[in-house]
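Each chain, letter by letter, is given below.
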Amino acid sequence: MTLYPLLRPLLAALGAEAAHRFTVWALQRAPQRKPAPDDAILATRVLGLDFPNPVGIAAGFDKHGEVPLQLASLGFGFVEIGSVTPRPQPGNARPRVFRLAEDRAVINRYGFNSVGAEQAAANLERQQGRRSVPLGINLGKNKDTPAERAADDFAKTAEALRRFAGYVVVNVSSPNTPGLRALQGRGELEAILARVERVLAAGDGGASPRHRPLLVKIAPDLAAADLADIAAVALAGRCDGLIISNTTTRRPDTLKSRHRGEAGGLSGAPLKPFALETLRAMYRLTQGRVPLVGVGGIASGADAYERIRAGAALVQLYTALIYEGPALIPRIKRELAALLRRDGFASVAAAVGAEHR
Ligand SMILES: Cc1cc2nc3c(=O)[nH]c(=O)nc-3n(C[C@H](O)[C@H](O)[C@H](O)COP(=O)(O)O)c2cc1C
């Protein structure tokens, strides 16, 4: 973490994808340190899992499960790997990720470049046995699998990786796989969740298969009727929680960067209002009865706190890490703890959804 200021100019000079590959490479070789213990006010229990703090790294940073322990040692309270597709696939042609530095944003159209479920399992196997923070496994589908067979893809990856999972995510909201977002429709979603739930309930041969929570990651661009459908699916118990949100296909007029016209999903600061509004709406629709994970444009303790008050039991980030570096993580945690205390909350859980009361 202390080397980052020296590496920063190098990373900025590299293209966005090369900078990311270098960062993962460096993390794999960095000496592992135990992070400072978290402030007790940040500890929280969600989905039956214990989190030392509510700030996680969002899917897409560690797509192949190469560095979950290293991410935990940076101070994240949980790590979500993926999206992993069942079979390996290369993703879209390069360049496929762009930094919009003036906008504190990124546009990516990776299209689920993935080593596939078998290799991801081998990667995670190497990290087994060492206790760390909760691990989420985010499932994607192969581009050449027809939409009618999407459930097969999610089920295959779930089966290959369930033994590593604290929780599992069905990602039906990446804008870069044709047809994927249509799987957010009620019928399609129910069919996928039923298949994956069966795989998770079957366990992995252990004496007592433990229940692994199943979440759905949704887009920030859904119509009100779609949000209501997804809320109904969650309230019916077809999944255990929702991650809100993935990147947006919108391009706000405020974007300044020359890359603003690139195709793909927009993340970072300009996504924040859409992700926050979608979270708020979903908290209302589910009456606070479904655990929600807030993600999209979170870059400070105030952002995390705002998301928690709007209904998030946990938060995640990715893009802000690209601009701020790893010192961001302890800073967010410090600021969040101070805000909770300022407002008289004894825990994160006590503040979840506070703005609705
Ligand atoms: C380069 C990049 C790759 C991503 N890949 C994935 C992915 O594979 N699966 C997924 O569910 N989300 C993916 N995301 C979305 C993030 O998990 C997150 O939902 C989104 O970026 C909003 O958070 P942020 O503004 O903090 O980045 C990706 C985001 C970025 C920037």
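Structure first, text after, so check above.
1. Let's talk about the overall build of the chain
(1) Moving on: For the chain, the helix and strand inventory stands at twelve helices and 13 strands.
(2) Moving on: The C-alpha radius of gyration of the chain comes to 19 Å, within 12% of the 21 Å expected for a compact globule of 357 residues.
(3) Moving on: Each principal axis of the C-alpha distribution contributes one length, and for the chain these read about 50 × 50 × 45 Å.
(4) Moving on: In the chain, which comprises 357 residues, the share counted as buried stands at 57%.
(5) Moving on: Partitioning the intrachain contacts of the chain with sequence separation of at least 6 by distance along the chain shows that 73% fall at a separation of at least 24.
(6) Moving on: A total accessible area of about 14,800 Å² is found for the chain, and carbon and sulfur atoms account for 55% of it.
(7) Moving on: Of the charged side chains in the chain, 47 are positive and 33 negative; the average position of the first set lies 4 Å away from that of the second.

2. Considering the packing of aromatic side chains
(1) Moving on: Counted according to the given criterion, the structure contains five aromatic pairs.
(2) Moving on: On the numbers, 6.5 Å between centres and 65° between planes, the contact of Tyr-305 with Phe-345 is edge-to-face. Highlighted residues: Tyr-305 in helix H9 (residues 301–309) and Phe-345 in the loop between helix H11 (328–342) and helix H12 (348–351), separated in sequence by 40 residues.
(3) Moving on: For Tyr-305, a relative accessible area of 5% gives the class buried.
(4) Moving on: Classification of Phe-345 by relative accessible area gives buried; the value is 17%.
(5) Moving on: Here the aromatic cluster, defined as three or more aromatic residues joined through ring pairs, consists of Phe-51, Phe-78 and Tyr-167.
(6) Moving on: One cation-aromatic arrangement involves Arg-250 over Phe-274; the distance from NZ or CZ to the ring centre is 3.8 Å.

3. Describing the nonpolar core
A general feature of soluble globular proteins is that nonpolar side chains tend to end up buried together.
(1) Moving on: In this structure, Phe-154, Val-196 and Leu-242 are the most contacted members of the largest nonpolar core, which totals 99 residues.
(2) Moving on: When residues no more than four places from it in sequence are discounted, the contact partners of Leu-242 are Leu-215, Val-216, Ile-230, Ala-234, Met-282, Val-290, Pro-291, Leu-292 and Val-293.
(3) Moving on: Formed by six residues, the second largest nonpolar core is a distinct cluster that contains Phe-98, Ala-105, Leu-255 and Leu-266.

4. Here we look at the sheet that holds strand S5 (residues 97–100)
(1) Moving on: Spatially, three strands are ordered S5-S6-S11 in an open sheet, and the strand pairing comes out antiparallel. The open sheet has two edge strands, S5 and strand S11 (265–268), and neither has a second partner. This sheet shows a mean twist of 20° between the axes of neighbouring strands, independent of strand direction.

Each value, and the rule that gives it
Residues numbered from 1 in each chain as written. Predicted model: local features only at pLDDT ≥ 70, side-chain atom pairs only at ≥ 80, totals over all residues. Heavy atoms only, no water. Helix = DSSP H or I, 4+ residues; strand = E, 2+ residues; numbered from the N terminus. Rg over C-alpha atoms; globule rule 2.2 N^0.38 Å. Buried < 20%, exposed > 50% of the residue type's maximum accessible area, 1.4 Å probe, protein only. Contact = heavy atoms within 4.5 Å. Areas by Shrake-Rupley, 256 points an atom, 1.4 Å probe, with all protein chains shown as cover. Lys, Arg positive; Asp, Glu negative; His and termini not counted. Charge placed at Lys NZ, Arg CZ, Asp CG, Glu CD. Phe/Tyr/Trp six-rings, centres within 6.5 Å; stacked < 30°, edge-to-face > 60°. Lys NZ or Arg CZ within 6 Å of the ring centre and 35° of its normal. Core = buried A, V, L, I, M, F, W, Y, C linked by side-chain atoms within 4.5 Å. Pairing = 2+ DSSP bridges. Axes fitted to C-alpha atoms, helices over the stretch in contact; angles between N-to-C directions.

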